[in-house]
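# Fold and contact review
If you want the building blocks of each chain, they are given just below.
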Amino acid sequence: MTIDNQLDQALETESEVANTDGLMMQLDYAAPSQISQVNESSDSLSEAQTTEHTQHVALFAQLNRSEVNFHGKVKSPLVFRDSLLALFDVVSSDYRYVPKDRSAYTIFMQMRRANSNKNLFTAQRDYFTWLFDNDPLAFCILDPIIQVHEQGVSFEVFSRDEGCYAQLTLTNEIFEQNTKPTFGTTSIDYSTALFNGIEKIRDHQQTILDIGHEAVGLQLLEAKPETAEADTDSTVTKPTVKKQIIEKRINVPKSWVRALLQVQSAGQLTQDTIHLDPIALYNVLFELRMHADIKGKRRGLLIELRPQQLPVIILEPFDITVTSQVSQQQKPYQGQQAKLIRLWGRRRLSLLKRLLPHADSVSVSLLGQGMPSYWTLKGKGFHFTFAMTGFSQANWSQSLNFDLLLPKRPLQNTLAASEGLSDSSKATLDDSNNDNNDEHNGLSVLIKTLANTPSTIEDLVKSLSADASLTSVPVSRQQIQQWLLSGTQQGLIRYEMARQLYHYRPLTQTPLDMAQFAYHNEAEKQAFDLISRTDAVQKFSVETVAVKGITIRADIHVEEDRRTYHSQLQLGDEALVSRAECSCPQYLQHRLTHGVCAHLITLRLRYNQYDPNNTGNDSWHDTRVLSKRVPSKHFNQPRNKKESVQVAGYNSLMTLSSAPTLDLTALAQPVAQSHATTSDKTQALTAQETAIAYVYITIAHKKITIEQTIGDKDTRQQLVFNQPAQAKAAFLQHIARFEAKGFIENQGI
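Summary of the structure given here.

Cut-offs applied
- Residues numbered from 1 in each chain as written.
- Predicted model: local features only at pLDDT ≥ 70, side-chain atom pairs only at ≥ 80, totals over all residues.
- Heavy atoms only, no water.
- Salt bridge = Lys/Arg side-chain N within 4 Å of Asp/Glu carboxyl O.
- Helix = DSSP H or I, 4+ residues; strand = E, 2+ residues; numbered from the N terminus.
- Buried < 20%, exposed > 50% of the residue type's maximum accessible area, 1.4 Å probe, protein only.
- Phe/Tyr/Trp six-rings, centres within 6.5 Å; stacked < 30°, edge-to-face > 60°.
- Lys NZ or Arg CZ within 6 Å of the ring centre and 35° of its normal.

## Regarding the pattern of salt bridges
- Taken as a whole and assessed by the stated rule, the structure comprises 19 salt bridges.
- Between Glu176 and Lys73 there is a salt bridge, with the nearest N and O atoms lying 3.3 Å from each other. With Glu176 in strand β8 (residues 175-176) and Lys73 in strand β4 (residues 70-74), this pair connects stretches of sequence that are 103 residues apart.
- Residue classification places Lys73 among the partly exposed residues on the basis of a relative accessible area of 23%.
- Residue Arg505 is joined to Glu156 by a salt bridge in which the shortest nitrogen-to-oxygen separation is 2.7 Å. Residue Arg505 is found in the loop between β23 (501-504) and α13 (522-531), and its partner Glu156 is found in strand β6 (residues 152-158); the two are separated by 349 residues along the sequence. Of the two residues, Arg505 and Glu156, neither departs from the other in class, the shared state being buried.
- Via salt bridges that share partners, Glu156, Arg494 and Arg505 belong to a single interconnected network.

## Structural notes on the packing of aromatic side chains
- If you walk through the whole model with that rule in mind, you get nine aromatic pairs.
- Ring centres of Tyr282 and Phe286 lie 6.3 Å apart, and the angle between their planes is 25 degrees; on these two criteria the pair is classed as stacked. Here Phe286 and Tyr282 lie together in helix α7 (residues 278-290), a separation of four residues that amounts to about one turn.
- Pairing Tyr694 with Tyr696 gives two aromatic rings, centres 6.3 Å apart and planes at 20 degrees, and the pair type is stacked.
- Connected via pairs of aromatic rings, a cluster forms that spans Phe88, Tyr190 and Phe195.
- One cation-aromatic arrangement involves Arg606 over Phe540; the distance from NZ or CZ to the ring centre is 4.3 Å.

Take a look at the structure:
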């Protein structure tokens, strides 16, 4: 048995076992995508395009999807090269934490002793056999989705760890086309060999991009004798084309597809958008490269937003502030309320380093605390949108919080066949749900419009308002947004954030079974059913203690079991669950080793609906954290100075103006002149020394506790009231008082 047969047999066995928890994808390509040098003229390329220094990038499309063709000469080879390399970095990235495990080393030593007398071929065969038996997706890279449309060519990828999403669009500005492209959506073969070939592209070489089922020089010609139907009996030999077909069978986890559709849909939600200079993003990556993470310390990326001021990026726990004040195109924050948003996964921003030299502007769209963030880089001939999801595959608490941002996913497909729509631009309704025929009709007409041409939401409102087939459905901007979001969740629509355009782009050839992607597992499905009941969650209480975290308690009544379970969650830093307890049999027997029970998920979902500002809450237990950057020289002075570090000293610190930010863009500025005075250098040095002052305001029924921390010094004050309503009013007054002094509330921290 050869190695290929062994690998195929192992893959078939693994697919049969894992097909219950995954989505089987079969990708057929005519040949592997590759980059080659064209030295001779060919039938498909003109003689003017075939020179000795021509790089031909051939991307083979999927054979079982509609034909998509694109051919053009690249005007900016370096932009083309770096953008595709950045795309490959995202699709192959895996930032999941891998603990130190010596079992692999033990197995390696056993294999080494067992294979000490084997030759290289036998040892390699045993290695691949072991790899397919233990981790068949170890080197599997999911091929990107490509779409050829009127504006150019778009690529979409999603990382293996479900933490990064990237959307690259190469506009027609970067190509010189002689033939008309064929619009459509398909998958392309994107392998490591292609990545190594793209790395060799240089500016002095002419580069040609060719997308299609067949490409130049990648056809196998064989001579086959055929009898000509003529008067003579002579035999004429005619060359026939024999296609080299490669087949990929990938078992994609359902969570991967579900997370991909979620991140695409979340890009349409309400956002806070800020604009940065590329040098500011470079400074963030520079500081992250120069400072290693500290174990046990915060690793967040804080973005400080103040109305009509430039956004400030703070790196924890170093308290390094980054702002961009170089370009005149820099825009201040246009919001009405000051915010401090923390993001996670900041190391993933290093995947954008290849595109920074070509980027003209950087915009960041923020959904909220710990939610996905979208970083859009625009340059001449391209725009690249990179999304950090803010949650990982195992972080059930944050992923549930993200699910609540989106409306309920449709359980059935609106369109019967997406492939039929791509060919004839006609939609068919789903007859299995007669109650939502109007909704399905509206989404079908919407997809018809997008199949003809990509449109913005303003254009869709104008065109659909005049459509005669939507007389029974009230067409409004809000209704169209719901249709667009529903179509994106079903994998039929793609949202281009850089230009705010909507494209019709079916993710797969056959419609997705949405019932498989509605919930992560059965426990989550049961939890959403429990939270929808009126009497399922009883005696719900939230108690917040400064620094320690948030304690959530409730009794979950399950009518089917005729029992009530007591559940409790402890939320620590970054709103992550640090402790979980439940009285259900699953938790008492297996703890959390067999997954999270439905009652704990229900408690977490109920906490997302909790509003601490609601005066109707019976239990007033809450903690607000406010922070402000202050000059560190005011509290690092010796104690024999006149300034005191007691409570009065803190009052003076609270009245200080906002601290100057550390402008790291000086790295991109020319060296200062030698005649700079010593006093100027001293003043610039002291201006960069900043620290963060924290204020913790806690209310516990009738008692209020105010803690102020600056550096290693802190003060504490307690206030007791006669009535809980008086304590609640004083609690809100103290928050407003500190916000008036320049403090920003850290929501979710």
